[in-house]
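What the coordinates show
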Amino acid sequence: MVAGVANPIATEGVVGHLTPTQEQGLKDFWEELFRLAERAPKLGSGSGVPFDNSGDTGAKIPKDDNAKERQKAEQETKDALAAFAEYGSIKVMATFYRYVAMDDPDAMALRFLRARKWSVTAGVAMLCACLRWRMSSDVEAIFQKGEEGMQNADGFIRQMAIAKTYTQGTDRAGRPVIYIHVAKHRTFDQSPKALEDFVIAQMESVRCLFGGSGIDKVTMVFDMTGFGIRNMDWRCILFIVKCLEAYYPESLNVMAIHSAPWVFQGIWKILYPMLDPVVRQKVEMTKNAEDLIVHIPKHHLVKQLGGSSDWEWDYKPVVPGENAAQQDAAGLKAAQAERERLIENYEAVTRSWISAPVGDVKMEQARRLAMLELCAQYHLLDPFIRGRAAYHRHGNILGNGLVYFEYPNAPGSETEAEWEVRGHDHCRETMLAEIATLKTKVKMTRA
């Protein structure tokens, strides 16, 4: 990250931009994941227990970065083995594809490879450790319930109603922007479990706001205006950082700590060495609107932070029956059966691709076809397994991969009101068109 310069979309080590060595590393990643699944029992011991972060104050985090890396590697290897032993290969792999959701599975694998500096063994261990966390924390149940199912959880809805945090608009590269107004946080306004579930729900919702291929990170703005000791919550901060580092790796573009008062300086000196070095290097201290405008266009930046957008968060309450699709057992069964068929096909093609020479065009076409069919079908499955959220009711998530944002101009602003729809290059309709083209090519190749 270069100070004073917005980060462009990555074009190295991502899908479509791999060196031969990186592509071989990706093949090795898949081969290792399949090998672990094949050697593990299909059904686990059932001994998995929920992760307990209740006593995590950061005291056990090494200050030395090398020690941090060793500690992570040891814990991830332990958790990876435990994932298969406790839950079995069937549930682990099912959880993996739930985690992938509408994304290209390769994009998910590459996140973990990049996060572990292209070490295949470490990358697979990190992924499996993440899957263990998702299973033990019942992440799928959280986003399946949606806000309707979570509205009675202690303080869950209140955090959205008071505009403590929300996602609005995009940065200069089209990444979603998350705003967190820290002064609105009180540690005891919600239970610790409700707070963690809320963070998870937001992380999962934001993934639906990645409009278009290449958009896989977020820009976060921690608005520290009015911050005081009463707003400090070590457990919450460490959990968010853990999510960004271990559970949603390679998903952070920039974390702007904005307008921090002097009282935060002492806290920052304690917090800084606790942060994972990858997350730490993406933190930027910003003081005014000009600093934020480096990353976020002024007409996209909310006016309370000096932007010209007159947009304000207005929480729209849960609409009774908004998750009616989840009551359609026959629809769910059919959609899930089709998903499983497409996963089986994708894995079969991937196994063939692993043994094919790097750069085999015919094999890459067949695999892209399998991937597109998997991704396109997910949009039909999603309403059955994901509860609706505020971003659905606001009209931001359109349901086919498209994302909508609007930017009303502030009174007296020199800019005009604006709106944008992102994701045309990777929405369901575009994928279906490419699927038809690829089917013709693959058919001609086989003839």
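Our subject is the structure listed above.
Residues numbered from 1 in each chain as written. Predicted model: local features only at pLDDT ≥ 70, side-chain atom pairs only at ≥ 80, totals over all residues. Heavy atoms only, no water.

1. Some points on the overall build of the chain
- Secondary structure summary: the chain contains 15 helices and 7 strands in total.
- In summary, the chain has a C-alpha radius of gyration of 22 Å against a globular reference of 22 Å for 447 residues, a match within 12%.
- Oriented by its inertia axes, the alpha-carbon framework of the chain measures out at about 65 × 50 × 45 Å.
- Buried positions account for 55% of the 447 residues belonging to the chain.
- Sequence separation of at least 24 residues holds for 80% of the intrachain contacts in the chain that already meet a minimum separation of 6.
- If you sum the accessible surface of the chain, you get close to 20200 Å²; carbon and sulfur atoms cover 56% of it.
- Here the chain carries 54 positive and 58 negative side-chain charges, and the mean point of each set is 3 Å from the other. (Helix = DSSP H or I, 4+ residues; strand = E, 2+ residues; numbered from the N terminus. Rg over C-alpha atoms; globule rule 2.2 N^0.38 Å. Buried < 20%, exposed > 50% of the residue type's maximum accessible area, 1.4 Å probe, protein only. Contact = heavy atoms within 4.5 Å. Areas by Shrake-Rupley, 256 points an atom, 1.4 Å probe, with all protein chains shown as cover. Lys, Arg positive; Asp, Glu negative; His and termini not counted. Charge placed at Lys NZ, Arg CZ, Asp CG, Glu CD.)

2. Regarding empty space enclosed by the protein
- For the coordinates displayed, the defined rule picks out 4 cavities of 30 Å³ or more.
- Estimates place the volume of the largest cavity at around 540 Å³.
- Taken together, 33 residues form the lining of the largest cavity, with Ile180, Met220, Phe222, Cys236 and Ile240 sitting closest to its centre.
- Put simply, the parts of the chain that give the lining of the largest cavity at least two residues each are strand 1 (165-170), strand 2 (176-181), helix 7 (192-207), strand 3 (218-223), helix 8 (234-247), strand 4 (252-258) and helix 9 (263-271).
- At 6 residues, the largest contribution of residues to the lining of the largest cavity is made by helix 7.
- Its residues assigned to classes, the lining of the largest cavity shows 25 nonpolar, 6 polar and 2 charged. (1 Å grid on protein atoms, 1.4 Å probe; cavity = no way out; pocket = protein on both sides within 12 Å on 5 of 7 lines; lining within 4 Å. Points joined across faces, edges and corners; volume = space filled by probe spheres on them. Nonpolar A, V, L, I, M, F, W, Y, C, P; charged D, E, K, R; others polar.)

3. Digging into the sheet that holds strand 5 (residues 283-286)
- Strands sit in the order 1-2-3-4-5 across an open sheet of 5 strands; the sheet is mixed. Only two strands of the sheet have a single neighbouring strand rather than two, namely strand 1 and strand 5. Each strand axis lies, on average, 25° off the axis of its neighbour in the sheet, ignoring direction.
- Inspection of the sheet shows strand 2 paired to strand 3 by 5 bridges, in the parallel sense. Across the sheet, residue Ile178 finds its bridge partner in strand 3, namely Met220. (Pairing = 2+ DSSP bridges. Axes fitted to C-alpha atoms, helices over the stretch in contact; angles between N-to-C directions.)

4. Section: helix 5 (residues 139-150)
- The end-to-end C-alpha separation of helix 5 is 13 Å, well short of the 16 Å expected for 12 residues at 1.5 Å each.
- For helix 5, every residue scored as buried is listed here: Val139, Glu140, Ala141, Ile142, Phe143, Gly146, Glu147 and Met150. (Expected span 1.5 Å × (residues − 1).)

5. What about the state of the cysteines?
- A full pass over the atoms with the stated rule returns 0 disulfides.
- Cysteine Cys208 remains unbridged, with the sulfur of Cys375 as its closest cysteine sulfur at 13 Å.
- The thiol of Cys427 is not disulfide-bonded; the next cysteine sulfur, from Cys375, is found 12 Å away.
- Take Cys427: its relative accessible area is 5%, and that puts it in the buried class. (Disulfide = S-S within 2.5 Å.)

6. What about the packing of helix 8 against helix 9?
- Where helix 8 contacts helix 9, the axes come no closer than 13 Å and their chain directions differ by 50°. As judged from the angle between their axes, helix 8 and helix 9 are oblique. In the packing of helix 8 onto helix 9, the handedness of the crossing is right-handed. Contact with helix 8, carried on its side by Trp234, Ile237 and Leu238, involves Ile267, Ile270 and Leu271 of helix 9 and no other residues of that element.
- For the contact of helix 8 with helix 9, the residue count by class is 6 nonpolar, no polar and no charged. (Parallel < 35°, antiparallel > 145°, perpendicular 65-115°, else oblique. Left-handed = near helix turned anticlockwise from the far one by under 90°.)

7. A few points about the side chain of His181
- Counting through the fold element by element, His181 comes out in strand 2.
- Using a relative accessible area of 4% as the deciding quantity, one classes His181 as buried.
- Reaching out from His181, the side chain makes a polar contact with the side chain of Tyr166 at a distance of 2.8 Å.
- Within polar-contact distance, the side chain of His181 engages the side chain of Asp223 at 2.8 Å. (Polar contact = N/O pair within 3.5 Å; in protein donor to acceptor, adjacent residues only side chain to side chain.)

8. Here we look at the layout of surface pockets
- In this structure, the second largest pocket spans a volume of roughly 820 Å³.
- If you trace the second largest pocket, you find 41 residues lining it, with Asp103, Gly212, Ser213, Gly214 and His426 closest to the centre.
- Mapped onto the lining of the second largest pocket, the elements with two or more residues apiece are helix 3 (105-115), helix 13 (361-385) and helix 15 (428-446).
- Its residues assigned to classes, the lining of the second largest pocket comprises 18 nonpolar, 12 polar and 11 charged.

9. Concerning the packing of helix 3 against helix 4 (residues 120-136)
- Contact pair helix 3 / helix 4: the axes reach a minimum separation of 8 Å and the direction vectors enclose 120°. Classified by the angle their axes make, helix 3 and helix 4 are oblique. For the pair helix 3 and helix 4, the crossing hand works out as right-handed. Residues Phe112, Leu113 and Ala115 of helix 3 pack against Val120, Gly123, Met126, Leu127 and Cys130 of helix 4.
- A breakdown of the residues in the contact of helix 3 with helix 4 according to their chemical character gives 7 nonpolar, 1 polar and no charged.

10. Topic: the nonpolar core
- Judged by nonpolar contacts, the single largest core of 131 residues is most densely connected at Trp30, Phe96, Tyr179, Met220, Tyr248, Met255 and Trp313.
- Counting residues per element, this core draws most heavily on helix 13, at 13 residues.
- In contact with Phe96, not counting residues within four places along its chain, are Trp30, Met108, Leu127 and Leu131. (Core = buried A, V, L, I, M, F, W, Y, C linked by side-chain atoms within 4.5 Å.)

11. So, the pattern of salt bridges
- In total, this model carries 30 salt bridges according to the counting rule given.
- Salt-bridge contacts for Lys72 lead to Asp276; the nearest nitrogen and oxygen are separated by 2.4 Å. Of the two residues, Lys72 sits in helix 2 (residues 65-100) while Asp276 sits in the loop between helix 9 and helix 10 (277-280), which places them 204 residues apart along the sequence. A single burial state applies to Lys72 and to Asp276, both of which are buried.
- Members of the salt-bridge network, linked through shared partners, are Lys72, Glu76, Arg116, Glu245 and Asp276. (Salt bridge = Lys/Arg side-chain N within 4 Å of Asp/Glu carboxyl O.)

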